[in-house]
Amino acid sequence: MHSIVTLISGRGSNFEAIVKIAQKDHWPVKFAGVIANHSAAKGLDFARSQGIPAFAIEHREHPSRESFDAALIAKIDELGADLVVLAGFMRILTPGFIRHFEGRLINIHPALLPAFPGLHTHERALEAGVQEHGATVHFVTEGVDEGPIICQASIPVLAGDDVDALAARVLAAEHQIYPRAVKWFIDGRLRIEGNQVKVQPPEAQLIKL
Ligand code: GAR
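What counts, and where the lines are drawn
- Residues numbered from 1 in each chain as written.
- Predicted model: local features only at pLDDT ≥ 70, side-chain atom pairs only at ≥ 80, totals over all residues.
- Heavy atoms only, no water.
- Helix = DSSP H or I, 4+ residues; strand = E, 2+ residues; numbered from the N terminus.
- Rg over C-alpha atoms; globule rule 2.2 N^0.38 Å.
- Contact = heavy atoms within 4.5 Å.
- Lys, Arg positive; Asp, Glu negative; His and termini not counted.
- Charge placed at Lys NZ, Arg CZ, Asp CG, Glu CD.
- Axes fitted to C-alpha atoms, helices over the stretch in contact; angles between N-to-C directions.
- Left-handed = near helix turned anticlockwise from the far one by under 90°.
- Nonpolar A, V, L, I, M, F, W, Y, C, P; charged D, E, K, R; others polar.
- Near = heavy atom within 4 Å.
- Polar contact = N/O pair within 3.5 Å; in protein donor to acceptor, adjacent residues only side chain to side chain.
- Areas by Shrake-Rupley, 256 points an atom, 1.4 Å probe, with all protein chains shown as cover.
- 1 Å grid on protein atoms, 1.4 Å probe; cavity = no way out; pocket = protein on both sides within 12 Å on 5 of 7 lines; lining within 4 Å.
- Sits in = over half its atoms within 2 Å of the grid points.
- Salt bridge = Lys/Arg side-chain N within 4 Å of Asp/Glu carboxyl O.
- Buried < 20%, exposed > 50% of the residue type's maximum accessible area, 1.4 Å probe, protein only.

Draft legend 1. Seen up close, the overall build of the protein. A tally of regular secondary structure across the protein gives 6 helices and 10 strands. Radius of gyration (C-alpha) of the protein: 16 Å, near the 17 Å computed for a compact globule of 209 residues. The C-alpha extent of the protein, read off along each of the three principal axes, is 45 × 40 × 35 Å. Long-range contacts, defined here as pairs at least 24 residues apart, represent 62% of the contacts in the protein between residues at least 6 apart. Taking the 20 positively charged and 24 negatively charged side chains of the protein as two groups, their mean positions are separated by 4 Å.

Draft legend 2. Expanded view of the packing of helix α5 (residues 121–128) against helix α6 (residues 163–186). It is at 9 Å that the axes of α5 and α6 come closest, and there the two elements cross at 115°. For the element pair α5 and α6, the recorded crossing hand is right-handed. When α5 is examined against α6, the residues His-122, Glu-123 and Leu-126 are found in contact with a partner set consisting of Val-163, Leu-166, Ala-167 and Val-170. Grouping the amino acids of the contact of α5 with α6 by side-chain chemistry returns 5 nonpolar, 1 polar and 1 charged.

Draft legend 3. Region of interest: the site of the ligand. Within the structure, the ligand sits among Arg-11, Gly-12, Ser-13, Asn-14, Gly-88, Met-90, Ile-108, His-109, Pro-110, Leu-171 and Glu-174. Taking Arg-11, its side chain carries an N or O atom lying 2.5 Å from an oxygen atom of the ligand. At a separation of 2.9 Å, an oxygen atom of the ligand approaches a polar backbone atom of Asn-14. Within the complex, 87% of the 450 Å² of free accessible area of the ligand lies under protein. In a pocket analysis with a 2 Å cut-off to the grid points, the ligand is assigned to the largest pocket. Listed by contribution, the elements that provide at least two residues to the shell around the ligand are α1 (13–24), β5 (105–109) and α6. A per-class count over the shell around the ligand returns 4 nonpolar, 5 polar and 2 charged.

Draft legend 4. View of the pattern of salt bridges. Applying the stated criterion to the full structure yields 11 salt bridges. Glu-132 serves as the salt-bridge partner of Lys-208, at 3.0 Å between the closest nitrogen and oxygen. Of the two residues, Lys-208 is situated in strand β10 (residues 206–208) and Glu-132 in strand β6 (residues 132–139); the sequence distance between them amounts to 76 residues.

Draft legend 5. Representation of the environment of Pro-114. Tracing the backbone shows Pro-114 in the loop between β5 and α5. Accessibility expressed as a relative area gives 76% for Pro-114, which makes it exposed. Between the C-alpha atom of Pro-114 and that of Gly-147, which follows or precedes it by 33 residues, the distance is 9.5 Å.

Listed below in structure tokens is the structure:
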């Protein structure tokens, strides 16, 4: 039985999508806990409604990133995690945190990496006039939004799209690929080779929606 700890900062819809599919398909996983960096994160309410232990570790109460991350590491280790899922966790993690969970720390980013790392991805995609946009699930390494890519979903940018419309379609795509990537991980199907991730047996790592 795999044990998953999820870190969130806000509404937690990706976390919810993963939990719902796991419940529907009877995945052999335990959602050991959800941790937010502030108590107002809405996703904590969903966790509690499902009986999943939910915690807030207020980053503002810590004097440094190192101190906040040390508290996070301690809590995640106490909960016991084979996999740490970043689902809209909007804090930059220290190298020490990333090394501690190396190979079992994954993130979803709302763009087709390596395009548009960082923030405001939908605004930047519209400004750049790209025809395709999307989302990426990747292992986390020390460079921000740079780790080996597990899977991606691409969607067309439509004439007349504004940030909200584009963000809504990307989010729907995220809800398809994040559960898929988590399931691959718990099934032991992911191999990291250099900066690439191989899925074994092979399965499409890009979904075009
Ligand atoms: C998602 O769009 C996710 O890709 C993004 O935050 C949103 C969280 O939504 N993550 C990042 O921007 C990470 N840098 P959710 O709380 O509803 O899952």
